[in-house]
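# Commentary on secondary and tertiary structure
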Amino acid sequence: MTNPYGGPPSGPNPQQPYGQQPGGYGPPSGPIPQQPYGQPAPYGQPGYGAAPPNNNIGWGIGSIFLCWPFAIPSLIKATSVQNLWAQGQYPQAQEAADEAKKWGKIGIIVGACGWALLILFYVVFFVIIAATASSYSSY
């Protein structure tokens, strides 16, 4: 039975307030298993607390605005990084992150070159139009 007025629990089976179990939340108590210095983690897995690789989703988002056909594979690969990491497929997660970055860079480069060529085309087009229009003017 718990004391409804605050204070410590009382009765034959004292419980922690609000249904908390002894020990509470947080990291597990006791020593954290570690590998000897210089030894890789077993089975090629990253060590305790290793973070997943950067998914490089920024490259995919940036390439959407310049050349969206290359952004699609970049975004697909970027979104699969976290799932692969959570499944323990660490090399595949790193490979997906690298592929996402590759396709994103390709999309940005191709898109920027395409836009530059389009602007150059319009500049040349209007220069030619202006030159021919002035030659036909008889004023």
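Above this text sits the structure in question.
Reading the values: rules and limits
Residues numbered from 1 in each chain as written. Predicted model: local features only at pLDDT ≥ 70, side-chain atom pairs only at ≥ 80, totals over all residues. Heavy atoms only, no water. Helix = DSSP H or I, 4+ residues; strand = E, 2+ residues; numbered from the N terminus. Salt bridge = Lys/Arg side-chain N within 4 Å of Asp/Glu carboxyl O. Buried < 20%, exposed > 50% of the residue type's maximum accessible area, 1.4 Å probe, protein only. Axes fitted to C-alpha atoms, helices over the stretch in contact; angles between N-to-C directions. Parallel < 35°, antiparallel > 145°, perpendicular 65-115°, else oblique. Left-handed = near helix turned anticlockwise from the far one by under 90°. Contact = heavy atoms within 4.5 Å. Nonpolar A, V, L, I, M, F, W, Y, C, P; charged D, E, K, R; others polar.

## Details of the environment of Glu99
- Within the secondary structure, Glu99 is located in helix 3 (residues 90-136).
- Distance in space between the C-alpha atoms of Glu99 and Ala78 is 8.1 Å, their sequence separation being 21 residues.

## Focus on the pattern of salt bridges
- With the rule as written, the count across this model stands at one salt bridge.
- The partner of Lys102 in a salt bridge is Glu99, and the shortest N-O contact between them spans 3.4 Å. Of this pair, Lys102 and Glu99 both sit in helix 3, three residues apart, which is roughly one turn of that helix.
- Among the residues examined, Lys102 registers a relative accessible area of 38% and is labelled partly exposed.

## Quick word on the packing of helix 1 (residues 57-66) against helix 3
- The geometry of helix 1 relative to helix 3 is characterised by a closest axis approach of 8 Å and an angle of 25° between their N-to-C directions. With respect to their mutual orientation, helix 1 and helix 3 come out roughly parallel. Pair helix 1 / helix 3 crosses with left-handed handedness. Within the contact between the two elements, helix 1 uses Trp59, Gly60, Gly62, Ser63, Phe65 and Leu66 and helix 3 uses Ala100, Lys101, Gly104, Lys105, Gly107, Ile108, Gly111, Ala112 and Trp115.
- Grouping the constituent residues of the contact of helix 1 with helix 3 by class yields seven nonpolar, six polar and two charged.

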